[in-house]
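Observations on chain architecture
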2 protein chains.
Amino acid sequence: MRRSGQIPFEPTPDPAWRLDAVGDDALRESSRQSRFAISNGFLGVRGECHPSHGDPFGTASRTLVAGLFDTGEGSDAVPTLIPAPDWLQLRLTFGGSVLLRQPEYEGSFHSLDIKRGLLLRSCRFSTNGAVVHVRALRLVSARRRSVGLQTLRLVVEKGEGEIGIEAVAGSPDPALILDDQDPDLSLWRTHRSRKQLAMTEAISVRVDGVSPGLEARSRPGLWTAHVAQGQDVEFMRLVSFHVGEREDGSPGPAASADLEAANGVGWTGVLKEHEAAWTGRWAASEVRIEGDPEAQRALRFAAFHLNGAANPEDERVSIAARGLTGTDYAGHVFWDMEIFLLPFYALTWPEAARALLMYRFHTLDGARAKAKRMGWSGALYAWESADTGAEVTPAHAVGPDRRVVDILSGTQEQHISADVAYAVWLYWVVTGDAEFMRDAGIEILLETARFWASRATLEDDGRRHIRGVIGPDEYHDGVDDNAFTNVMARWNIERGRDAADMMRTRWPEAWDDLATRLGVDASEIEGWAEIAATIASGLDDATGLYEQFEGYGDLEAIDLEAYAGRSVPMDVVLGRERTRRSQVIKQADVVALLALLPEAFPVGADAVNFDHYAPRCSHGSSLSTAMHGLAAARLGRSEMALDYFRRTAAIDLGETTAALAGGVHMAALGGLWMTAVLGFVGLSFREDGIGLRPQLPATWTALRTPLQWQGRTLMIEVDPGKRCVHVHVETGEAMAVHVGVARHWLETGQTLRIELGDPAIAEPAFDPSSSTAGHRL
Amino acid sequence: MRRSGQIPFEPTPDPAWRLDAVGDDALRESSRQSRFAISNGFLGVRGECHPSHGDPFGTASRTLVAGLFDTGEGSDAVPTLIPAPDWLQLRLTFGGSVLLRQPEYEGSFHSLDIKRGLLLRSCRFSTNGAVVHVRALRLVSARRRSVGLQTLRLVVEKGEGEIGIEAVAGSPDPALILDDQDPDLSLWRTHRSRKQLAMTEAISVRVDGVSPGLEARSRPGLWTAHVAQGQDVEFMRLVSFHVGEREDGSPGPAASADLEAANGVGWTGVLKEHEAAWTGRWAASEVRIEGDPEAQRALRFAAFHLNGAANPEDERVSIAARGLTGTDYAGHVFWDMEIFLLPFYALTWPEAARALLMYRFHTLDGARAKAKRMGWSGALYAWESADTGAEVTPAHAVGPDRRVVDILSGTQEQHISADVAYAVWLYWVVTGDAEFMRDAGIEILLETARFWASRATLEDDGRRHIRGVIGPDEYHDGVDDNAFTNVMARWNIERGRDAADMMRTRWPEAWDDLATRLGVDASEIEGWAEIAATIASGLDDATGLYEQFEGYGDLEAIDLEAYAGRSVPMDVVLGRERTRRSQVIKQADVVALLALLPEAFPVGADAVNFDHYAPRCSHGSSLSTAMHGLAAARLGRSEMALDYFRRTAAIDLGETTAALAGGVHMAALGGLWMTAVLGFVGLSFREDGIGLRPQLPATWTALRTPLQWQGRTLMIEVDPGKRCVHVHVETGEAMAVHVGVARHWLETGQTLRIELGDPAIAEPAFDPSSSTAGHRL
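If you're wondering where the values come from, they're calculated on a predicted model, not measured in any experiment. (Residues numbered from 1 in each chain as written. Chains lettered and ligands numbered in written order. Predicted model: local features only at pLDDT ≥ 70, side-chain atom pairs only at ≥ 80, totals over all residues. Heavy atoms only, no water.)

Within chain A, the regular secondary structure consists of 19 helices and 31 strands. Here the C-alpha atoms of chain A give a radius of gyration of 27 Å, agreeing with the 28 Å that 2.2 N^0.38 yields for 777 residues. Projected onto its principal axes, the C-alpha coordinates of chain A cover approximately 85 × 60 × 60 Å. In chain A, buried positions account for 62% of the 777 residues. Within chain A, contacts between residues at least 6 apart in sequence are counted, and of these 67% link residues at least 24 apart. (Helix = DSSP H or I, 4+ residues; strand = E, 2+ residues; numbered from the N terminus. Rg over C-alpha atoms; globule rule 2.2 N^0.38 Å. Buried < 20%, exposed > 50% of the residue type's maximum accessible area, 1.4 Å probe, protein only. Contact = heavy atoms within 4.5 Å.)

This next bit is on helix H2 (residues 252-285) of chain B. For H2(B), spanning 34 residues, the distance from its first C-alpha to its last is only 35 Å, which falls clearly below the expected 50 Å at 1.5 Å a residue. Where H2(B) bends most, the angle comes to about 105 degrees, and this point is B:Gly266. (Expected span 1.5 Å × (residues − 1). Bend = angle between axes of the 7 residues up to and from the residue.)

Under the criterion given, the structure shown has 44 aromatic pairs over all chains. Measuring from ring centre to ring centre gives 6.4 Å for B:Tyr345 and B:Trp349, while their planes differ by 50 degrees; the resulting arrangement is tilted. For the pair shown, B:Tyr345 and B:Trp349 are each scored as buried. Ring pairs connect the aromatic residues A:Tyr329, A:Phe334, A:Trp335, A:Phe340, A:Trp383 and A:Phe484, which therefore count as one cluster. The aromatic ring of A:Trp17 is capped on one face by A:Arg300, whose charged end is 3.9 Å from the ring centroid. Its guanidinium or amino end placed over the ring of A:Trp491, A:Arg495 lies 5.1 Å from that ring's centre, counting from NZ or CZ. (Phe/Tyr/Trp six-rings, centres within 6.5 Å; stacked < 30°, edge-to-face > 60°. Lys NZ or Arg CZ within 6 Å of the ring centre and 35° of its normal.)

So, about the pairing of strand S27 (residues 712-719) of chain A. All names here are of chain A. With seven of its eight residues buried, S27 lies for the most part within the structure. Of the pairings in the sheet, the one linking strand S26 (residues 702-709) to S27 comprises seven bridges and is antiparallel in character. The residue of S27 that forms the bridge with Thr705 is Ile716. The turn linking S26 back onto S27 is made up of two residues, and Gln710 within it adopts a positive phi angle of 50 degrees. As defined by bridge partners, S27 adjoins strand S28 (residues 724-731) across seven bridges and the pair is classed as antiparallel. Along S28, the bridge assignment pairs Glu717 with His726. Hairpin connection from S27 to S28: four residues lie between these consecutive antiparallel strands, with Arg723 at a positive phi of about 55 degrees. (Pairing = 2+ DSSP bridges.)

Next up on the list: the sheet that holds strand S29 (residues 702-709) of chain B. Residues and elements named next belong to chain B. In space, the five strands of this open sheet follow the order S20-S29-S30-S31-S34, with antiparallel pairing throughout. Strands at the two margins of the open sheet, each flanked by one partner only, are strand S20 (288-290) and strand S34 (751-755). Neighbour-to-neighbour, the strand axes of the sheet open up by a mean angle of 15 degrees, direction not taken into account. (Axes fitted to C-alpha atoms, helices over the stretch in contact; angles between N-to-C directions.)

The next thing to look at is the sheet that holds strand S29 (residues 735-739) of chain A. Residue and element names in this part refer to chain A. With mixed pairing, the four strands of this open sheet are ordered in space as S24-S25-S29-S30. The open sheet terminates on both sides in strands that have one partner only, identified here as strand S24 (684-685) and strand S30 (742-746). In terms of strand pairing, strand S25 (residues 689-692) meets S29 through four bridges, oriented parallel. Note that in S29 the partner of Leu692 across the bridge is Val739.

This part covers the nonpolar core. B:Tyr345, B:Met437, B:Ile690, B:Leu692 and B:Trp700 are the most contacted members of the largest nonpolar core, which has 196 residues in total. No other element matches helix H8 (residues 415-431) of chain B, which puts 13 residues into this core. When residues of this core are assigned to domains, at least three map to each of domain 1 (15-283) and domain 2 (349-538) of chain B. Discounting residues that sit within four places of it in the chain, B:Met437 has contacts with B:Val424, B:Trp425, B:Trp428, B:Ile442, B:Leu445, B:Met502 and B:Trp507. Formed by 194 residues, the second largest nonpolar core is a distinct cluster that contains A:Tyr345, A:Phe451, A:Ala633 and A:Leu642. (Core = buried A, V, L, I, M, F, W, Y, C linked by side-chain atoms within 4.5 Å. Domains from an automatic or database assignment.)

Backbone geometry places A:Asn128, a non-glycine residue, at a positive phi of 50 degrees. Examined against the element boundaries, A:Asn128 turns out to sit in the loop between strand S9 (118-127) and strand S10 (130-140). Taking relative accessible area as the criterion, A:Asn128 reaches 71% and is therefore assigned exposed. Of note, the phi angle at B:His619 is positive, near 50 degrees, even though the residue is not glycine. The topology assignment puts B:His619 in the loop between helix H16 (605-613) and helix H17 (624-634).

On to the UniProt feature "active site" (unreviewed entry) in chain A, then. All names here are of chain A. The positions UniProt marks with the feature "active site" (unreviewed entry) are Glu474. Mapped onto the elements, Glu474 comes out in the loop between strand S23 (464-465) and helix H10 (483-506). Residue classification places Glu474 among the partly exposed positions, given a relative accessible area of 23%. Residue contacts for Glu474: discarding those within four places in its chain leaves Trp383, Ser409, Glu413, Lys586 and Gln587. (UniProt positions renumbered as here; feature names shortened; annotations may be inferred.)

The subject of this paragraph is the packing of helix H18 (residues 638-653) of chain A against helix H19 (residues 666-680) of chain A. Residues and elements named next belong to chain A. Closest axis-to-axis distance for the H18/H19 pair is 9 Å, and the angle between their directions is 160 degrees. With respect to each other, H18 and H19 are oriented roughly antiparallel. Viewed along their axes, H18 and H19 form a crossing whose handedness is left-handed. Along its contact with H18, which presents Ser638, Ala641, Leu642, Phe645, Thr648, Ala649, Ile651 and Asp652, the element H19 presents Ala668, Leu669, Leu672, Thr675 and Phe680. Taken together, the residues of the contact of H18 with H19 break down into nine nonpolar, three polar and one charged. (Parallel < 35°, antiparallel > 145°, perpendicular 65-115°, else oblique. Left-handed = near helix turned anticlockwise from the far one by under 90°. Nonpolar A, V, L, I, M, F, W, Y, C, P; charged D, E, K, R; others polar.)

Residue and element names in this part refer to chain B. Relative orientation of the contacting elements helix H9 (residues 434-455) and helix H11 (residues 508-518) amounts to 40 degrees, with a least axis distance of 12 Å. In terms of axis orientation, H9 runs oblique to H11. Regarding H9 and H11, the two cross each other, and that crossing is right-handed. Counted together, Arg438, Ile442, Glu443, Leu446, Glu447 and Arg450 of H9 and Ala510, Trp511, Leu514, Arg517 and Leu518 of H11 form the full contact between these two elements.

Residues and elements named next belong to chain B. The residue Thr431 is located in helix H8 in this model. By relative accessible area, which is 14% here, Thr431 ends up buried. In this structure the side chain of Thr431 is engaged in a polar contact, spanning 2.6 Å, whose partner is the backbone oxygen of Tyr427. If near-sequence neighbours (up to four positions away) are discounted, Thr431 is found in contact with Ala346, Pro350, Gln710 and Gly711. (Polar contact = N/O pair within 3.5 Å; in protein donor to acceptor, adjacent residues only side chain to side chain.)

Residues and elements named next belong to chain A. For chain A, the domain assignment lists domain 1 (15-283) and domain 2 (349-538). Its C-alpha centre places domain 1 at a distance of 42 Å from the equivalent point of domain 2. The partner domain 2 presents eight residues to the seven residues of domain 1 that form the contact. Summed over both partners, the interface of domain 1 with domain 2 buries about 650 Å², with 63% contributed by carbon and sulfur atoms. In terms of surface lost to domain 2, no three residues of domain 1 exceed Asp76, Val78 and Arg281, which account for 55% of the buried area on that side. One can count one salt bridge joining domain 1 with domain 2. (Buried area = accessible area lost by both parts, 1.4 Å probe. Salt bridge = Lys/Arg side-chain N within 4 Å of Asp/Glu carboxyl O.)

Attention now goes to the side chain of B:Asp473. Residues and elements named next belong to chain B. With respect to the helices and strands, the residue Asp473 is situated in the loop between strand S24 (464-465) and helix H10 (483-506). Of the buried charged residues, Asp473 lacks a salt bridge, with Lys586 as the closest side chain of opposite charge at 7.4 Å. For Asp473, the side chain forms a polar contact with the main-chain nitrogen of Lys586, separated by 2.9 Å. Excluding its chain neighbours within four sequence positions, the residues that come into contact with Asp473 are Gln548, Val584, Ile585, Lys586, Gln587 and Asp589. (Lys, Arg positive; Asp, Glu negative; His and termini not counted.)

So, about the pattern of salt bridges. Taken as a whole, this structure holds 94 salt bridges over all chains when the rule is applied. Across the pair A:Glu275 and A:Arg116 runs a salt bridge whose closest N-O atoms are separated by 2.7 Å. Taken together, the residues span a long stretch of sequence, with A:Glu275 in helix H2 (residues 252-285) and A:Arg116 in the loop between strand S8 (106-113) and S9 at a distance of 159 residues. Side by side, A:Glu275 and A:Arg116 carry an identical accessibility label, which is buried. Here B:Asp480 and B:Arg467 are joined by a salt bridge, their closest N and O atoms 3.1 Å apart. Placement of B:Asp480 in the loop between S24 and H10 and of B:Arg467 in the loop between S24 and H10 is noted, with a sequence separation of 13 residues between them.

Residues and elements named next belong to chain A. Residue-level pLDDT values for chain A average 90, and 92% of them are 70 or greater. Considering only residues more than four positions removed or in separate chains, one finds that residues 771-776, a stretch of pLDDT under 50, has ten contacts. In the model output, the complex is listed with pTM 0.84 alongside ipTM 0.72. (pLDDT = per-residue confidence, 0-100.)

Set out below in structure tokens:
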């Protein structure tokens, strides 16, 4: 192993590739921990900055491991992500003084190096006339997901004395029971979920590059040495975690093997591989913006957490509402994943997207069981899903006003099934991954379609109704014919028919097997056409307006402008009951439908619906502004969309809040990317290629983004100053690019320059006699 | 030690003397922990009910020790009450199964026995066909404050098997560093505050009353025995904690001595003494109400926590905002103590009141230092006070909306000095404790008067102004001439003059010493008369209305009725800035002045002010409704006052909230008692006796309360059905009782029956020509 230079500890110079924090800020510490978290889809480590009160080891970091769920005591308990033992604890002493606890240390400096996927720290301590400069680097490997690395370099800048480094593992969470421990390997099991966690670690210390430079002393894990001015001490700790089901045997050997392999390449080797993996992710997913450094950083920050959240190697886990950056929502998976995150993965990292959809395939049995239990057919996915796919939404929660409230989403928020189907179809349209469709996707589409076919009930008016649901707007429960739910359900049934057609045509034998297994026959699928055609949608043909749900229009109108100063959600301001009886919307609902299925809106009615619902929306969820931004961008209202974009970015990057304690908001981060690429670039999908309708905000002088489409690697550059867009196919076959009404043909390796029309694209007025557009997605 | 019968584990039968909880309720658990806390002014133990997730010992209780402060890292850190190691941890097994962790256990039942000062628990476990009934009793001794007792009784009702009891101490808080440990005694020190904590414990176990019935086994603290149906096992643990300053030597010997003494009387002896002490407290402080069981229980619950919070033996601690029932506000002492709690103690437990005021005397140097640092004379008490009296208000906090907000109270909320003076004077008026006045009270009155004399600045208008303060209404900072502050300051200066007169007259020598020490002379005190006379008060002579502060009337008027559904404070609804620019009041301000100094209001102007300010008050503090209740009761608006009383009771007893996590609201509990005794009974104080003006709500058919007044023990009974009040002097000299305009003379041992006048007492109309009443307090 070569002696390390200084470079690994220096953050990437470009400030738009970094997030810095100087000094301590106890009150914002929990937000920093979330924002500075690093993760690789298997391990997530929160970025603690502030020495915690009285902790002899200075900090209290927290490592989360994907899939490590356990359920507590009590009838209300639901599976919860259990933190792993803290492998980062460290106590540094110099001349007998504990360094990290010195209140007078200078210039504590933390930097999240977004480009390289590292958390870096630099700190200079003065103690009894001596000065020690400590730099630290931390990563969870993007190349070897089970592996974490912690490296410190201490340089004595002035004075001399005995330096001590004590490395211990923190107390495990009480939910973990120690099964076995030897010096190299610890093995825990969870109380109830029959999971096992293995942890192995290797530590090395050097003085001036010579190993062993410090001697192990009285206690295990403690090294000391006398060091003089100019000398440096390097500490390196590698760790490997593995999780397994108890019946599958110990995960210990796999953890040991991974650790050994990592140790073999050395810490600089682990660092290099990791940086190379991040370089690859950025090549595939970096959206570059000219003219708006804040937006540029926000998009990088978003892509950093999106790239860190996924693991293409594991089909048994998905991405929680807060990823692996915090424990809010207990590590549960919501529709956030399919609606707000999947587009990013499908278009930049299809392998990750596939694994994430396979999680829904593997949890189909849980969804079928939920549908059956509630008296319907097919598959009704869990509103909150953990390791098995069983419904794990808690029955109660403590609201923002600290009152206990009932949570009805677990039974009523059923659009989740259509959301999963939507993501499957989107993935298919974007990737053309036929194997996935044959082996998994079609089954999901059929089973969700089947659920809706049983769920929509024919009534005396000749229409089918879906009563007693919660739409995306969770302020209104038990509503009938929520437009979002019903239109998505109709769409889901139609895609179920398409899926059956596709399979019958392309893989007739596989179809026979599947149809037999599911007990589905031609007549059942035939019947879906009539069901889809008769589902009530709430669309008023005269105005082009969807009614959010039956009777919504009769509710009390509230002027949200009058409540502009509020700093809490509107249901807290008005009280739950009054909110329920008002038109105040929690989050994009009809607007979300507009963002997902614009073709479900008559020509020109998109603006009608947006203008009706946007002023009624109180954005009481972190999922709301992004959907409005996407819809506004598509409407050509670029400045309004930019405002929504900024509000979405502020959810995780705004400096005033301390509200990130539980982790970053993955859906908002995915939504930022969607606003940029699906919104401002105006990306859409056709049979023969892609469509573009770029409408950048005025300050964005250029935007450049790579994309994956149907096995091709594309680079798209929008240059509104020169009024043109460049499209380049780096790999893959020739394809079409549609801009406006023109269809351009693009050969592999070629860069196509397409002139844009008038920037002021007029919104078409709604004409009730016009037919709705027919394109999908 | 006699074998215990079954009785100790049975709660007091009368449900109005108990608080029960059946089963687990994870979401309300933190509130239960506060509500079911037991304390004795030195030790407080939260009443955990729910087995915590994964905890092998089933529960996570928390013991707080008065005065055990430590300060964390970081420049923002303030002293914080550090929990003691959990001495209650216990693991019970039967036939190898952990009992408290069984999800299927039946009928978990907790009862806070208010009468006896106990927390009781009963639980029946079924495991492998066997049934074990576990009952537990817990107390912190009201007789020996350093001592806690935990007793369990396990009866095998069915089956047989090996029973295991493992008793350990929980991990200490990271702020505690273990200094010394032997089997009988553990000694910790705090990181920074140089405090020491000693803990000693004694455990005994018996089977069928025979000791030793279980044998210590492989691990220390583990006992096992084979027990059959009908057998019982009794576990007893006594603990003693002592706290000391490091320079005062180890607190270990004192803890050991207390433990030995307690062990000497045995656990049933400790229980008996404790029950006897509570019987004494109830004889002195039980307010009995006929006709309203809910109010009865609320008042008992209030007096339970009030009696549990004080320690007459320790002059170095006071009562925190949440007592010893939780860690909100870090164990800091606010004006809550002097304004909301002191009346209860002065009138039912003068020894406790004296010790609590002595805490302010001992922290005078901190108050003098704060005044000096800010450029004034005399003593400006800390808005938040911990062990030394230094100002410990944090500079920032996270608001209810999770945003970081500045806290200005530490510099601007200066009425605290007048509040302390008010409490000193009230104590003097109620107790006539001349020794306290001579040795401590007068110095507090002089130094606070002196502060105000320097604080109120003469301006060109010939008036003295107090600018840049926060009144009780904390929604408005940096205000000028807050009526509450100014009128209390004026009153404080006047009492400073009275105090100097008293001392010069009664203790001329002591006066000379004090005057020399404080550097105060006759001319300084003489000057106070003119200063008091010229302080601006904001009283409008034409209307009788105080302006809450200069310019308040010009602020935006907000109709609070329109926000009736809200479940968060108004500053969160409107935003901080808009609230600041509005007339919305956080908590009783002019109304608080009315409750404290009714004589500062012109005749008839009390109703004018109440009617003006009550509709503007949003009750954004737990201190607000009680002051309104007291003022409304004094105005004869008994039903309105009862409504405020109920809202105050609901702060800690309401079933819907989960907002008690940080402890019960001591000020609200004190305020409940004040509303009943000072409000509904209409108690006031004269030179020769007391005044009564009973105006009970219609449902309260009788009220009976004991009182201490000037060395006498009184019993007052209001019987509105028979339209009379009975007053009885149990001990002490003859005295006067004023009811209406009549003065009655009451001999020792005599019961006086006084007929009441017309129940409908008309509120006098405000007459600007009338002079203000002159009685004090």
